[in-house]
Every structure is written in C-alpha cells, then in structure tokens.
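Geometric and topological summary
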Amino acid sequence: MSPNLLRLLFLLMIFISLSITSSLSTPSPADSPPYLWPLPAEFSFGNETLSVDPALTLLIAGNGGGSPIVRAAFDRYMGIIFKHASGRASLLARIRFLRMVEYDITSLKIVVHSDSEELQLGVDESYTLMVSKKNEQSIVGAATIEANTVYGALRGLETFSQLCAFDYLTKSVQIYKAPWYIQDKPRFGYRGLLIDTSRHFLPIDVIKQIIESMSFAKLNVLHWHIVDEQSFPFETPTYPNLWKGAYSRWERYTVEDASEIVRFAKMRGINVMAEVDVPGHAESWGTGYPDLWPSLSCREPLDVTKIFTFDVISGILADMRKIFPFELFHLGGDEVNTDCWKNTTHVKEWLQGRNFTTKDAYKYFVLRAQQIAISKNWTPVNWEETFSSFGKDLDPGTVIQNWLVSDICQKAVAKGFRCIFSNQGYWYLDHLDVPWDEVYNTEPLNGIEDPSLQKLVIGGEVCMWGETADTSVVLQTIWPRAAAAAERMWSTREAVSKGNITLTALPRLHYFRCLLNNRGVPAAPVDNFYARRPPSGPGSCYAQ
C-alpha cells in the first residue's frame, strides 16, 4: 500500500469514527490540552484508550528504515516507555501467549524514505505519526511513523513516547485520546543550546545527559563553547601545549572524547557547533604558548601582529575539522577590549605602520580568522559585536548571533546576513530571575515582517553560560526553562502566540518537567521565582 493511500485511508477512518473530537488543527484552548511538548504543527485525536504491547515489534520500510540510527533510537525509547516492565521482550511475548493477553498496539512501523544519514543545517525533520486501533471501523491498525529522513523518524519516536503513559492500576502502557494523527515539522532549522566548558568543566557523561535531554524537547544544535579566558581544556594535537591552560590535568577533553560527543549527538539528531572565541576571551591560550600574549600585562586580546597567532588558530581549526562535521563554526568576536594593544610597544608600532586604529586591528583579526575557517569549508558564525562594528566587511556568508541588542537580527537580515536569536534578557539561562513565561513569549521574528527576511533568521538558542553553573546544578538550570524556548522554536507561531498560556502551555510544561524528572533529568520546578532552586515545600511535581 502506498504511503499516500495509507494516509488517505487513515484520514477517512478518522472522519467516520464517532470517537473523533477535533479536526486537523491545533485544538482550541477550551479543549483539554494534549500533553505533548513541543506542540506538533497539526494533529487530531479521539477519546479511546489503547494498550501497548510491552513486546512491541519494530517494522521497518523505506530506503532508510534499516538505519542503525533508527534501530538504536527504537531500543532507547522502548527502554523509556517500558521502564516499569520487567524481563526481556521474549519473556513478555511468552507471557502474553500463555495468558492470551491482547494489546491494541503490537507493532510500530517506521518508514524512512531517504537512506542519507547526513546531518546538517536544515535537514528534513518532518514526520507523520498515526496511532489507531485495528477494528471493524479501522482499515489501518497499530502505530506508524513516516519520515523523509532518519532524523524526522527520531522526532516522531519522541512524540510517540510522549503519547505512551504507564497506568499503575493495570500495570500497562496506554495511549489516551486515540486515534492520533500527527503531521509535524519544525518552525526553525536551528534550535540550539549553548554549554560553556571553560568557566566550569563538565564531564563527558554530563554533556551526554544534556544532549539526551535536548532530544526530548527536539532541540537540534549543541553550541559547545569549549574554551575561553579561564581555561583551555581541549586537546589540540597540532599545538599540544594549549591544554596546559586547563584548570587541571583531570579537567580536559581528548580528541576521542570530542569525537564521542559528536557521535552520541548525531545518534539523537543533534549537531555540535564548536566555538573558539577570538581575539578576546583567549587568555588561557598563553599558558601553553606565552608568545600569543602581546605582553605579560596584556594577555588578551591575542597578539594581532604575529603570524604565529594565526598559525595557531589555523592549527586548532584544522584539528577540530576532523572532529566536527557541522557546517557552522563559531569564531566568537565579542567583548573585545583593545585598550592594552595600544599600550603595548610592538603592537602600537605595528598599528602605526599600517595606519590602523585598534578598531581596524580588531576587524583585521576577525576577518583573517573568518578566512581561515572558510578555507576549511566552514561557514563562520560571529557574535553581534562584529556586525555592529564592521558588518559591511564581514564575509557575506557569516551567520550573526544576537545576544546583546534586541533588534540585531532585524538589522542583520536587512543587510542580507543570516541570524541566530539569543537575546540575553530572556534566553540566557544563567539569568535566574527570568520566569518561564517570559522565555516562552520571546519571539525571534519580532519586527521582521518581510517573509523573505524572516527566512534569514535560521533559529534561536538558549545559552547556559557556566560562570555560576557546574555539574551540580547545570541540568536544573537548563530545564525546564529551555523547554519554553524549544516550543517557541519548534511549534507554529500561531500555536504559541494565541490564547492564555497559563491554560494552553503551563499545564503541558508542568507535565513535561515531570516527564524529564521521570527520565532522570533533574529539571527544577516550573513556578520558582528563581530558576534551579528546589521546591519551597511539599507538593506534586505536576503542580510546582
């Protein structure tokens, strides 16, 4: 049966079924909210309750259905969905046979049309999910995920897992409000989370926990701010003394560690964008190579006068290119205080010889670093100060990341640049006094009305800067507020912008926070005045 015919039959079944309570649109706020996060683009549901077989069978089809990424994801999600079940699937199957237990959903079919596993910006993450009971009224039975790519299938599996709930009375997994028909795709192709491993080292297992939790909210880019002025924990074989700038010899990432993080992330449909922030935020580099400092009293910005400085940057990027396949590479460029350049004799002479101001030298440094990145087949990303200072001189392919000024994306796209929205007033997670609703209501496209310019905003990013967050608190600082931004970036603008969000979003966010807790993610209470703090007293997870 062709996929189009399958969809047609399913929609026909939905139309004639007496159980249907909504059409192919987002339910009105008056309806009880579907406990899905982020909210799918289009969906319909009924009022049946279906049981799910603990020995759920995976059926695959399409050119990419047999991908190891799909198989591994199915196994992961079966562990999540059936974590209360005991024993192996084969044992459960024998018990079902002996007891003649019949389940409504006994198989999950995953159809993936493309066999490509390339993961780059804008990869197709759309999917269709159908869940129905096979009976006299239904031609189509069981559950089916159909996607063009394996990454769309991953997003469909996450949604399917959120439909499944363990019933403690029957001790079985059930799907409520069936039959379901979901047609879903992300609003933005870039939905990021920044982590900062320079201010505080994060162990590999913690980074993996963060990546795993990102997949639950359908975030798809881990922006890894690896090094900064405080520490340089990354192994760089071409310049092996650089990681002498680590806090200690135990707080470092080997090449193999980084490769494993990239592999782990790809299995969850998440790209890793590395950042090497230059020319400021780089004092730690000089611990291993003091010649990178203009002088002992001027340790950053890096020495703009020396060929060696750019050789080191080139070496770092060459080593990183072997690890990070994502097309975007972040070169920083923010908060560059050039005062000590003009107070350092040889730098001052270099400036005078070229008739440069320190701002000219800042531009020279950023543009030269951009060309190094481009030579290694990367698209450069820079913080907004570079655009504000010399935007017309940046490489036309540069992606500008907003953080400081609210209308930078408006200005950047007007000049033809792509932009990532990360306004610090709302999407900086280290700002603990920003409540969930302000995160949720922050709109990346505000002030941009032209559809052709809106497309240049490739997405947004919440930033978990590490000055006051280490392993002990990082996950509960990220969650659940990052989920509020995740829905803004995934769901349609209409769905997240209408109605009273205390009715349409807050109950679902409470539910999602508890889902994270149940999956081992220590997400903090939603309603705390200050993020990441524990609850103020006894109470249900679903009411805090």
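**Some remarks on the packing of aromatic side chains**
Counted under the stated rule, the structure contains 31 aromatic pairs. A ring pair is formed by F310 and Y364, whose centres lie 6.1 Å apart and whose planes are at 85 degrees; its orientation type is edge-to-face. Remark: Y364 occurs in helix α11 (residues 358-375) and F310 occurs in helix α8 (residues 307-321); sequence separation between them is 54 residues. Relative accessible area serves as the criterion here: at 2%, F310 is assigned to the buried category. The rings of F201, W224, F234, Y253 and F324 are connected pair by pair, giving a single aromatic cluster. We note R368 situated over the ring of F310; from NZ or CZ to the ring centre the distance is 4.2 Å.

**A word on the packing of helix α5 (residues 204-216) against helix α6 (residues 255-266)**
For the pair α5 and α6, the least separation of the axes is 10 Å and the interaxial angle reads 20 degrees. Between α5 and α6, the angle falls in the class roughly parallel. When you trace α5 past α6, the crossing you get is right-handed. Of the residues in α6, those in contact with I204, I207, K208, I211 and E212 of α5 are D257, E260, I261, F264 and A265.

**Structural notes on the nonpolar core**
Residues F160, W285, F324 and W479 are the most contacted members of the largest nonpolar core, which totals 153 residues. Contact partners of W285, with chain neighbours within four places excluded, come to V227, F232, L242, V276, V278, L292, L302, V312, I313 and I316. Counting nine residues, the second largest nonpolar core, distinct from the first, contains F326, L328, V399 and I458.

**Examining the pattern of salt bridges**
In the structure shown here, the tally under the stated rule is 20 salt bridges. The closest approach of N and O atoms between R155 and E125, which form a salt bridge, is 2.9 Å. Placement of R155 in helix α4 (residues 150-163) and of E125 in the loop between β3 (105-112) and β4 (127-132) is noted, with a sequence separation of 30 residues between them. For R155, a relative accessible area of 2% gives the class buried. Residues participating in the shared-partner salt-bridge network are R187, E443, R488 and R493.

Rules used throughout
- Residues numbered from 1 in each chain as written.
- Predicted model: local features only at pLDDT ≥ 70, side-chain atom pairs only at ≥ 80, totals over all residues.
- Heavy atoms only, no water.
- Phe/Tyr/Trp six-rings, centres within 6.5 Å; stacked < 30°, edge-to-face > 60°.
- Helix = DSSP H or I, 4+ residues; strand = E, 2+ residues; numbered from the N terminus.
- Buried < 20%, exposed > 50% of the residue type's maximum accessible area, 1.4 Å probe, protein only.
- Lys NZ or Arg CZ within 6 Å of the ring centre and 35° of its normal.
- Axes fitted to C-alpha atoms, helices over the stretch in contact; angles between N-to-C directions.
- Parallel < 35°, antiparallel > 145°, perpendicular 65-115°, else oblique.
- Left-handed = near helix turned anticlockwise from the far one by under 90°.
- Contact = heavy atoms within 4.5 Å.
- Core = buried A, V, L, I, M, F, W, Y, C linked by side-chain atoms within 4.5 Å.
- Salt bridge = Lys/Arg side-chain N within 4 Å of Asp/Glu carboxyl O.

That's the geometry; what it means functionally is another story.
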